[in-house]
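Listed below, chain by chain, are the residues.
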Amino acid sequence: MKVVDLSVLLYDGLVSFPSHPKVVFMDHITHDFSKPRYQAPCEGYASKTIIMSDHSGTHMDAPYHFFKDGLTIEDIPIDATMGDAVLVDVSHKDPEQPVTREMIEEVVENNQLKIKENDIILFRCWPGEWNGEGFHQCKSLDPSVAGWVIDHKVKAIGLDLPNADINENMQRTVHLELLGRNIMIFENIVNLENLSKKHFYFMGTPLNLKGMTGSPIRALAIEEW
């Protein structure tokens, strides 16, 4: 089996998006604190408390993120979070230029990519290091991309940026068009440059959290079983 991890490493202090809270890890119980309760050879146990946004790191948006009556994360069918996937690499673009439908169609044609109904499409938009200089200013998906996704009847998209919409687009067109149709969105997908294939199997299952607007995921690309 050949698997590529597409997930951000979560750590204490990580900020995934400027307006979101940082990740906080702190001790709940330490080995030294709990050791007196136990008998040798047990040296005690440790556990941590985690405080973070449900959109920290590599994560999945639930429709409830933008729709008051939308599905929360635990109501999303598990098969919506995995399936055949296609990488569409548009990272050659100018970071100040948004990804457009025309750009995607050109890459699909030039690379002879086959897009099937219910596929998952992963867009590589950023050529640099995740969260590096210029990362949060990189333009993501133009509203026209939502139309392309809908026309191709894919079940989910992902991208290597923290926001599927261009940050300045306060109508959040891509989120509304896709989540309003229960087409799932994965954000902060990383390591797409490490993929050796354009077609692979993707898994991005969320935690089973009640009432949440999203969830961190462990995103995996399975290139060979």
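So, how was this worked out
- Residues numbered from 1 in each chain as written.
- Predicted model: local features only at pLDDT ≥ 70, side-chain atom pairs only at ≥ 80, totals over all residues.
- Heavy atoms only, no water.
- Helix = DSSP H or I, 4+ residues; strand = E, 2+ residues; numbered from the N terminus.
- Buried < 20%, exposed > 50% of the residue type's maximum accessible area, 1.4 Å probe, protein only.
- Contact = heavy atoms within 4.5 Å.

Novice: Would you mind showing me how to read unusual backbone geometry here?
Specialist: A negative phi holds for most residues other than glycine; trans holds for most peptide bonds. Cis geometry marks the peptide bond from Ala40 to Pro41; its omega dihedral reads 10°. Relative to the elements of secondary structure, Pro41 occurs in the loop between helix H1 (31-34) and strand E3 (47-51). Phi is positive for Gln112, close to 50°, though the residue is something other than glycine. Residue placement: Gln112 occurs in the loop between helix H2 (101-110) and strand E6 (120-124). Relative accessible area serves as the criterion here: at 67%, Gln112 is assigned to the exposed category. In this structure, Lys153 takes a positive phi of about 55° despite not being glycine. Assignment of secondary structure puts Lys153 in the loop between helix H3 (143-151) and strand E7 (156-159). Of the residues examined, Lys153 reaches a relative accessible area of 52% and is grouped as exposed.

Novice: Even after reading the chapter, I still don't get the environment of Leu192, so can you show me in this structure?
Specialist: With respect to the helices and strands, the residue Leu192 is situated in the loop between strand E8 (184-187) and strand E9 (199-203). Judged by its relative accessible area of 3%, Leu192 is buried. For the pair formed by Leu192 and Glu74, sequence separation is 118 residues and the distance between their alpha carbons is 27 Å. Setting aside residues no more than four positions away along its own chain, Leu192 makes contact with Leu6, Leu87, Leu122, Phe123, Arg124 and Asp160.

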